[in-house]
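# Overview (structure and organization)
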Amino acid sequence: LNVTDFNERLDDRTCYDYSLHVLDGAARIDSCSIFGAAYALEGLVQLAGRDGMLPHSAITIHDAPQYGWRGLMIDSGRRFFPVPLVKNLLDTMAAVKLNVLHLHASDMCRWSVESKLFPNLTDSLTGIHGGHYTQADIRTIVDYAHDRGIRVIPEFDVPGHSRGLLPLEASGDVEFCTAKDSRSQLYDDPEGTTYKTVASLMGEMSGLFDDDVFHIGCDETAVKGRCPLKGTFDFERRLALDVANNLGKSVEGWEEILFSAGAATNDTIVNAWSRHRPPEITKLGMRAVESYSAHFYFTRPAPGGPK
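Residues numbered from 1 in each chain as written. Predicted model: local features only at pLDDT ≥ 70, side-chain atom pairs only at ≥ 80, totals over all residues. Heavy atoms only, no water.

Taken in spatial order, the seven strands make up an open sheet running E5-E6-E7-E8-E9-E10-E11, and their pairing is parallel. The strands lining the two open edges of the sheet, one partner per strand, are strand E5 (71–75) and strand E11 (288–290). Put simply, the sheet's adjacent strands are angled 25° from each other on average, direction ignored. With six bridges connecting them, strand E6 (residues 100–106) and strand E7 (residues 151–158) associate as parallel partners. Paired with Leu101 across the two strands is Val152, which belongs to E7. (Pairing = 2+ DSSP bridges. Helix = DSSP H or I, 4+ residues; strand = E, 2+ residues; numbered from the N terminus. Axes fitted to C-alpha atoms, helices over the stretch in contact; angles between N-to-C directions.)

Going residue by residue along strand E10 (residues 269–272), you find Ile269 and Asn271 tucked away on one face and Val270 and Ala272 tucked away on the opposite face as well. Here three bridges tie E10 to E11, and the two strands are oriented parallel to one another. Across the sheet, Asn271 pairs through a bridge with Val289, a residue of E11. (Buried < 20%, exposed > 50% of the residue type's maximum accessible area, 1.4 Å probe, protein only.)

Counting residues in hydrophobic clusters, the biggest one holds 52 residues, and the most contacted among them are Leu90, Val113, Phe156, Leu165, Ile216 and Leu239. Apart from residues lying up to four places away in sequence, Val113 is in contact with Ala105, Thr122, Tyr133, Ile138, Phe156, Met205 and Leu208. In terms of nonpolar packing, the next biggest core, distinct from the first, is built from twelve residues, Leu10, Tyr16, Tyr18 and Leu20 among them. (Core = buried A, V, L, I, M, F, W, Y, C linked by side-chain atoms within 4.5 Å. Contact = heavy atoms within 4.5 Å.)

Before going further, it helps to examine the packing of aromatic side chains. A full pass over the atoms with the stated rule returns eight aromatic pairs. Ring centres 4.9 Å apart and planes at 50° place the aromatic pair Phe80 and Tyr133 in the tilted group. Residue Phe80 is located in the loop between E5 and helix H2 (83–95), and its partner Tyr133 is located in the loop between helix H3 (120–123) and helix H4 (135–146); the two are separated by 53 residues in the primary sequence. Ring geometry for Trp273 versus Tyr297: centroids 6.3 Å apart, planes at 5°, classification stacked. (Phe/Tyr/Trp six-rings, centres within 6.5 Å; stacked < 30°, edge-to-face > 60°.)

One pass over the full model with this rule turns up two disulfides. Two residues, Cys15 and Cys32, share a disulfide whose sulfurs are 1.9 Å apart. The sign of the -95° torsion about the S-S bond sets the Cys15-Cys32 disulfide as left-handed. Taken together, the residues Cys15 in the loop between strand E1 (2–3) and strand E2 (18–23) and Cys32 in the loop between strand E3 (26–31) and helix H1 (34–47) connect sequence positions 17 residues apart. Given the relative accessible area of 25%, Cys15 is considered partly exposed. We classify Cys32 as buried; its relative accessible area is 19%. Sulfur-sulfur distance for the disulfide between Cys177 and Cys227 comes to 1.8 Å. In this structure the cystine formed by Cys177 and Cys227 twists about its S-S bond by roughly -90°; its chirality is therefore left-handed. Of this pair, Cys177 sits in the loop between E7 and helix H5 (193–206) while Cys227 sits in the loop between strand E8 (213–217) and helix H6 (229–245), and the two are 50 residues apart along the sequence. (Disulfide = S-S within 2.5 Å.)

Written as structure tokens, this is what we have:
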């Protein structure tokens with residue numbers, strides 16, 4: 001086993017390349033990092049048949065990922081994924097050499113991570129929307145993923161898709177664009193109360209995750225009620241700058257942060273998911289993640305399965 005870099009840090013520069021050589025019962029692995037070596041060992045195990053024997057006496061494999069971001073997103077902002085299930089998914093991701101778990105942690109239904117600043121966000125979750133991660137659970141997930149060469153990138157979706165913050169409305173900590181039951185988009189009130197709450201939450205949440213990237217959502221916002229487009233832009237741009245400058249994270253957002261509100265900066269990572277494709281983003285010199293919903297979203301039950 002020859003590993004040139006034992007640095008265990010995971011980021012977009014982590015090298016996963018490896019070579020595997022098997023000859024007459026002996027195996028040699030050459031890799032640029034411990035994570036590449038783990039990929040080689042995974043490949044070696046998968047080469048073996050049910051009897052534990054390799055198919056050939058001489059095998060050579062040179063492997064390097066084509067893409068730096070090989071991800072799976074789970075939407076715990078709509079339904080809770082218990083920690084044992086997340087660990088199972090991480091094991092499966094490692095087996096097929098995926099390296100990013102996108103933890104979509106808040107959405108229209110719920111906020112799924114314990115907040116010490118606003119504990120009623122998760123205390124109020126009941127029924128089909130019940131279940132949440134404690135801050136200790138997040139540490140467990142991040143550490144478990146790291147041991148498998150997987151980054152955990154959180155998403156807390158604002159200012160749209162923010163019904164998970166409804167428990168904070170009664171206390172006056174946030175305001176919404178409309179007063180109807182369908183309200184889901186945050187109002188950037190002139191007093192700055194809503195933004196201050198969101199900035200505090202983002203600061204608390206970012207401290208739970210080691211990764212350099214922090215996803216702030218920003219999808220499917222609209223001119224709605226008392227919310228003009230400029231209000232959406234101001235909120236998103238201010239948050240993007242705060243996350244970058246004050247929290248030291250690279251900002252990620254859905255395609256609307258660039259193509260609708262125009263709030264993305266040159267450093268923003270953009271998820272192309274609906275009306276836009278990655279080349280539209282990369283030609284601007286920005287980084288893109290391919291998330292095209294028609295190809296990659298599994299949001300409907302299997303025929304004959306639970307409703």
